[in-house]
Amino acid sequence: MNPKLKLAIDVKADIKNAKWFVSHSEFIDWFLPLNFQYITSKRFSLSERNKIIAEYTKHIYKLNKKEILKGVNETRKQWSKIEGKFYKFVDEIFCGHPWPKGKYIGYASIYLMFPRNINEKTFYFPYSENKWNPLGTIAHEMLHFIFFDYIKKKYGINENDEFKGKNTKYVWQVSETFNTVIENWKPYKDIFGTKEKNKPYPGCEKMFVAMVKQWNKNQDIESFLDKWLLKGKF
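What counts as what
- Residues numbered from 1 in each chain as written.
- Predicted model: local features only at pLDDT ≥ 70, side-chain atom pairs only at ≥ 80, totals over all residues.
- Heavy atoms only, no water.
- Buried < 20%, exposed > 50% of the residue type's maximum accessible area, 1.4 Å probe, protein only.
- Helix = DSSP H or I, 4+ residues; strand = E, 2+ residues; numbered from the N terminus.
- Pairing = 2+ DSSP bridges.
- Axes fitted to C-alpha atoms, helices over the stretch in contact; angles between N-to-C directions.
- Parallel < 35°, antiparallel > 145°, perpendicular 65-115°, else oblique.
- Left-handed = near helix turned anticlockwise from the far one by under 90°.
- Contact = heavy atoms within 4.5 Å.
- Core = buried A, V, L, I, M, F, W, Y, C linked by side-chain atoms within 4.5 Å.
- Expected span 1.5 Å × (residues − 1).
- Arc of directions from axis to C-beta.
- Nonpolar A, V, L, I, M, F, W, Y, C, P; charged D, E, K, R; others polar.
- Salt bridge = Lys/Arg side-chain N within 4 Å of Asp/Glu carboxyl O.

Description of the pairing of strand β2 (residues 105-109)
Then, number 1: Across the five residues of β2, five count as buried, placing the element largely inside the fold.
Then, number 2: In this sheet, β2 lies alongside strand β1 (residues 6-8) in parallel orientation, the contact comprising three bridges. Residue pairing for β2: K6 is matched across the bridge by I105.
Then, number 3: For β2 and strand β4 (residues 122-126), the ladder comprises five bridges, and the chain directions are parallel. Opposite Y107, over in β4, you have Y124 as the bridge partner.

Some details on the packing of helix α6 (residues 170-183) against helix α8 (residues 205-217)
Then, number 1: Interhelical geometry of α6 versus α8 gives an angle of 50° and a closest axis separation of 10 Å. Relative to α8, the element α6 lies oblique. In this structure, the crossing between α6 and α8 has a hand that is right-handed. Contact residues: α6 offers Y170, Q173, V174, T177, F178, T180, V181 and I182, while α8 offers M207, F208, M211, V212 and W215.

Topic: the nonpolar core
Then, number 1: If you look at the biggest cluster of nonpolar residues, it comprises 67 residues, and the most contacted ones within it are W79 and F86.
Then, number 2: A total of twelve residues in this core trace back to one element, the largest contributor, which is helix α5 (residues 134-155).
Then, number 3: Dropping the residues within four chain positions of it, W79 is found in contact with L5, L7, F86, Y87, L135, I138, A139 and F192.
Then, number 4: Counting residues in each nonpolar core, the second largest holds six residues, with A8, A13, Y107 and F114 among its members.

Description of α8
Then, number 1: For α8, built from 13 residues, the straight-helix expectation of 18 Å at 1.5 Å per residue is met to within 8% by its first-to-last C-alpha distance of 19 Å.
Then, number 2: Every buried residue of α8 is listed here: M207, F208, M211, Q214 and W215. In an axial view of α8, the angular spread of the buried residues amounts to 135°, which keeps them on one side of the axis. What points out from α8, more than 90 degrees from its buried face, is the exposed set K206, V209, K213, N216 and K217.
Then, number 3: Summarising the contacts, the buried residues of α8 are in contact with α4 (65-93), α6 and α9 (221-229).

Quick look at the packing of helix α1 (residues 11-24) against helix α3 (residues 46-63)
Packed helices, taken two at a time, are described by their axes: the angle between them and the distance between them.
Then, number 1: As a packed pair, α1 and α3 sit with axes 9 Å apart at the nearest point and diverge in direction by 140°. Judged by the angle between their axes, α1 and α3 are oblique. Classified by chirality, the crossing of α3 by α1 is right-handed. Facing V11, D14, I15, A18, K19, V22 and S23 of α1, the residues of α3 in contact are L46, R49, N50, I53, A54, T57, K58 and Y61.
Then, number 2: Of the residues assigned to the contact of α1 with α3, the class counts are eight nonpolar, three polar and four charged.

A short note on the pattern of salt bridges
Pairing between side chains of opposite charge can happen when their charged atoms approach one another.
Then, number 1: Within this structure, the stated rule accounts for eight salt bridges.
Then, number 2: A salt bridge links K154 to E222; the shortest N-O distance between them is 3.1 Å. One end of the pair, K154, is in helix α5; the other, E222, is in helix α9, and 68 residues separate them in sequence.
Then, number 3: By relative accessible area, which is 33% here, K154 ends up partly exposed.
Then, number 4: When the shortest N-O distance is used, the salt bridge between K186 and D190 registers 2.9 Å. Taken together, the residues span about one helical turn, with K186 and D190 both in helix α7 (residues 186-192) at a distance of four residues.
Then, number 5: Three or more residues are tied together by salt bridges with common partners; here these are R116, E141, E159 and E176.

What follows is the structure, encoded as structure tokens:
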């Protein structure tokens, strides 16, 4: 059964998103708008920083209320047009592997990166096409949900598992590179009407080249992932 995805506007969720990202992520500069990057200054205590984040987020939502609502409504409309094709596409790639159960919720965000929670089936997406494509972001995160469920069931591998002799984020690298390969594949592009080529994440360039070659030769998900994940973990 395909997920019933809800796309929501929730200021409290985006405040929680920003507080977590600023405290835990190495990509803070990518996440924060330039005019708000001062929040990373060490002169702020954690409580002060969180208070400023909350006030800033509420202010931006109030300032851009109409624009955010318009953008999310348009995204809902556009997603409803292509979701059937997308789910059929994913079903074919993963050979009928069922979507993991959960209440799938995408939260609109005023920030510039869009984290997910694999267990809770929640993620963030841009409310407009100012910098990132909302539909592309939604599809990207939905791919992650079924990818991690697939490798959990098939290989017993979780998102944060480590592999001997590999980068500590190896599983994350595999997942992101796999997504990039799929997003550059013509059948995917035909669904979303995109022409631009997505670039691999920094540090994943060699993996990307190898994966593209492998996927173009044979679109069998089992043999494809066997190559990258049938190895010993710590």
